[in-house]
Amino acid sequence: MSAAYPPEPWDLTGTGLISLWRVPVDAVPTLPAGARALTLRGQALATTMLVRYDERGAMAYRELLGGLLVRHGRGVALSITDIWVDSEASMAGGRALWGVPKQLAAFDPDGSDGTGDPDGTATGTAHTATGPVATGHLLARRGPAVRLPFPLRARIVQTRDGHTLASPIRAGGRLRLARAEWSFDATGPLAWLRAGRMVTSIQAEEFAMRFGA
């Protein structure tokens, strides 16, 4: 955890693949104190993301995460339950600043250009020393890209030093509905998502995000 990392906030830019899932409530991981899973028709709402942050932001690295939409206080937030990056600085900063439980992984992107596809969307496989964690593929784009007219404001809710911490996120960019395919290792940390059903997917063709206060 000695890697140097920027102070918050982190201004990051990149591309990514985002999917929303419905998962049985009894399959979801433990959440921070005071947070409870947001449910729809008796099932929890989860998300998976494969992201490539590029050199225009504070740091450039790849990321895979799994998380749950939660109710916390009077609002709705995201709790990141599982996350991997290929940057020691990102891992150290995420843990220390916001309680995000980042671990190190290697990423094998799709595409001959090494970025995921000709447009640079981050798709491919993340794996650790014990084996693959998950693979995400962008299969097709649906409809035109839409640029968000204003930044979306959200929060993440994590556990840091035994306490629940809510941290702000602000993001904007160009999004497009997509068709995606994911696979999760049956004995890996994201195996709980194998009980779920994908609801929809989005390709973030380009986004900018401010993470933290």
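Just above, that's the structure.
Our subject in this report is the structure included herewith. (Residues numbered from 1 in each chain as written. Predicted model: local features only at pLDDT ≥ 70, side-chain atom pairs only at ≥ 80, totals over all residues. Heavy atoms only, no water.)

Quick look at the pattern of salt bridges
What counts, and what does not: Salt bridges are defined by distance alone: a side-chain nitrogen of Lys or Arg within 4 Å of a carboxyl oxygen of Asp or Glu. Strands are runs of DSSP state E lasting at least two residues, helices are runs of H or I lasting at least four, and both sets are numbered from the N terminus onward. Only protein chains enter the accessibility calculation, which uses a 1.4 Å probe; a residue is then buried when its area is under 20% of its type maximum, exposed when over 50%, and partly exposed in between.
Within the structure shown, the criterion is met by 6 salt bridges. Of the charged contacts in the structure, one is a salt bridge between glutamate 206 and arginine 56, with a shortest N-O distance of 3.6 Å. Pair noted here: glutamate 206 is in strand β13 (residues 197-211) and arginine 56 is in the loop between β4 (43-53) and β5 (61-72), with a separation of 150 residues, a long-range link. The exposure class of arginine 56 is exposed, given its relative accessible area of 53%.

A word on empty space enclosed by the protein
Filter applied, for reference: Both site types are read off a 1 Å grid over the protein atoms alone. A 1.4 Å probe that fits but cannot get out defines a cavity, while an open set with protein on both sides within 12 Å along at least five of seven lines defines a pocket; lining residues have an atom within 4 Å of a point. Grid points are joined across faces, edges and corners, and a volume is the space filled by probe spheres set on the points.
Tallied over the full model, the rule gives 1 cavity of 30 Å³ or more. A volume near 50 Å³ is recorded for the largest cavity. Lining of the largest cavity is provided by 11 residues; of these, Leu50, Arg62, Phe107, Thr123 and Gly124 occupy positions nearest its centre. Of all the secondary structure elements, the ones that give two or more residues to the lining of the largest cavity are β4, β8 (106-109) and β9 (124-128).

Notes on the nonpolar core
The test is simple: Take the buried residues of types Ala, Val, Leu, Ile, Met, Phe, Trp, Tyr and Cys, join any two whose side-chain atoms come within 4.5 Å, and each joined set is a nonpolar core. Here a residue-residue contact requires only that any non-hydrogen atoms of the pair lie within 4.5 Å.
Counting residues in hydrophobic clusters, the biggest one holds 27 residues, and the most contacted among them are Leu64, Trp182, Leu190, Trp192 and Leu193. Put simply, the parts of the chain that give this core at least two residues each are β1 (10-24), β4, β5, β6 (75-85), β10 (131-147) and β12 (163-184). Sort the elements by how many residues they give to this core and β12 lands first, with 4 residues. Contacts of leucine 64, omitting those with residues within four sequence positions, involve Met49, Leu50, Asp82, Ile83, Trp84, Phe107, Ala126, Val133, Ala134, Trp182 and Leu190. With 23 residues, the next largest nonpolar core counts Leu65, Ile80, Val100 and Phe207 among its residues.

Let's talk about helix α1 (residues 88-98)
When you tally the buried positions in α1, you get 8 out of 11 residues, the bulk of the element. Listing the buried residues of α1 in full gives Ala89, Ser90, Met91, Ala92, Gly93, Gly94, Leu97 and Trp98. A positive phi of about 70° marks glycine 99, the residue just after α1.

Overview of the side chain of threonine 81
When you line up the elements, threonine 81 lands in strand β6. Look past the residues within four positions of threonine 81 in its chain and what remains in contact with it is Pro29, Leu31, Gly66, Gly67, Leu68, Pro101 and Trp192.

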